[in-house]
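Residue-level structure breakdown
For reference, the chains in residue letters:
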Amino acid sequence: MKGLAANLLPTVFILLSLAACNAKSSKQLPPAPASSEGLEEPVRTPAPFQPSAKNLPPASSGKIDVDLTKLHANMIYSYIFDMIIDPDSYVGKTIKVNGFFYSVVDENSGERYFAVIIPDALACCKQGMEFKWLGEHSYPVDYPEENQEITITGTYRVATLDGDISYSYLEVTELSPLKS
């Protein structure tokens, strides 16, 4: 009998614990007071952040529509991603961004392309944005050194290649290396 009681005791304890949990979860909150003046609204879980043209970060001046230089690295990463998947919301807007200068030559055409590389907060994942610097600039004389941190400001553009392939880039009017 003693062995049977020892085996049943844990089972009874578990059942009582479960019953107690169910009793607590069935309690209801008291009704809201008739007057809600001075009370805060209940905490709600926000919807996932969806950057779009209507909730762009505030511009630092009258001519910059999206200033990514004032945002945390993860937010910058989110905006760059949104620019790629929803380019129509950004076309024609003036964008300012910090990142690292990078250039590459297309082996087939021999044309050199320029980009600003933006790392995320952990610097493990990088996004790049191609840019075309307006005006007469000669590479490498007028350009920063590879991997040098830069700030660029330009207009967001979308171009279409043969076969209906589109890509986006910044038409840059200002490029300045950051002091290290």
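In case you missed it, the structure is sitting above this.
Residues numbered from 1 in each chain as written. Predicted model: local features only at pLDDT ≥ 70, side-chain atom pairs only at ≥ 80, totals over all residues. Heavy atoms only, no water.

**Section: helix α2 (residues 73-85)**
Each turn of an α-helix holds 3.6 residues, which means side chains three or four residues apart point in the same direction. Just so we agree on the cut-off: Only DSSP runs of H or I covering at least 4 residues are called helices, and only runs of E covering at least 2 are called strands; the numbering of each starts at the N terminus. A helix is expected to reach a length of 1.5 Å times the quantity of its residues less one. A simple rule labels every residue: compare its accessible area, found with a 1.4 Å probe on the protein chains alone, to the largest value its type can have, and call it buried under 20%, exposed over 50%, or partly exposed in between. Directions pointing from the helix axis toward each C-beta atom define the arc. Contacts: residue pairs with any heavy atoms within 4.5 Å of one another.
In this model, α2 (13 residues) spans 19 Å end to end at C-alpha, consistent with the 18 Å of a helix rising 1.5 Å per residue. Here α2 has its buried residues at Ile76, Tyr79, Ile80, Asp82 and Met83. Down the axis of α2, the smallest arc covering the buried residues is 160°, so these residues share one side. Among the structural elements, β1 (66-67), β2 (94-105), β3 (112-119), β4 (126-133) and β5 (149-161) are those in contact with the buried residues of α2.

**A look at the pairing of strand β6 (residues 165-177)**
Within a regular beta strand, the side chains point alternately toward one face of the sheet and then the other, so they alternate between its two faces. The condition is simple: Any two strands with at least two DSSP bridges between them are considered paired.
Bridge count for β4 against β6 is three bridges, and the pairing is parallel. Counted as the bridge partner of Trp133 is Val172 from β6. The sheet contact formed by β5 and β6 spans 12 bridges and is antiparallel. Note that in β6 the partner of Arg157 across the bridge is Tyr169.

**Considerations on the pattern of salt bridges**
Convention followed: By convention in these notes, a salt bridge is any Lys or Arg side-chain nitrogen within 4 Å of a carboxyl oxygen on Asp or Glu.
Under the defined criterion, the tally for this structure stands at two salt bridges. For the salt bridge of Lys63 with Glu174, the shortest nitrogen-to-oxygen distance reads 2.8 Å. Linking Lys63 in the loop between α1 (2-25) and β1 with Glu174 in strand β6, this pair joins segments that are 111 residues apart in sequence. One salt bridge connects Glu171 with Arg157, and the closest N-O pair in it is separated by 3.3 Å.

Read these as spatial facts, not as claims about activity.
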